[in-house]
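Take a look at the letters that make up each chain.
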Amino acid sequence: MGGKINRQGYAAADFTRPEDCTGCAACAETCPDVCIRVWR
Ligand code: SF4
């Protein structure tokens, strides 16, 4: 988790190393709010 609190009051995940993303989309499939879209 990132250290910042978003406008909704949540400590949102922080995408800190985009170079390591494989595009597997596991984050999008498990996000309870369906707010992640993955494209590469
Ligand atoms: S698509 Fe999401 S879960 Fe998969 S490597 Fe990238 S950030 Fe991680």
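Residues numbered from 1 in each chain as written. Predicted model: local features only at pLDDT ≥ 70, side-chain atom pairs only at ≥ 80, totals over all residues.

1. Re the site of the ligand
Around the ligand sit Cys21, Thr22, Gly23, Cys24, Ala25, Ala26, Cys27 and Val38, and that is every residue in its neighbourhood. Tallied by class, residues from the shell around the ligand come to six nonpolar, two polar and no charged. (Near = placed C-beta within 6 Å. Nonpolar A, V, L, I, M, F, W, Y, C, P; charged D, E, K, R; others polar.)

2. Concerning unusual backbone geometry
In the Ramachandran plot, Ala25 falls in the positive-phi region, its phi being about 75° despite a non-glycine side chain. Here Ala25 lies in the segment before helix H1 (26–30). Taking the number of C-beta atoms within 10 Å as the measure of exposure, Ala25 has 14 and is therefore partly exposed. Positive phi, close to 50°, is recorded for Val34, a residue that is not glycine. Tracing the backbone through its elements, the reader meets Val34 in the segment after H1. (Helix = DSSP H or I, 4+ residues; strand = E, 2+ residues; numbered from the N terminus. Buried ≥ 20, exposed ≤ 12 C-beta atoms within 10 Å, placed from the backbone.)

3. Quick look at the environment of Thr22
Position of Thr22 among the secondary structure elements: in the segment before H1. Here Thr22 falls in the exposed class, since 8 other C-beta atoms lie within 10 Å of it.

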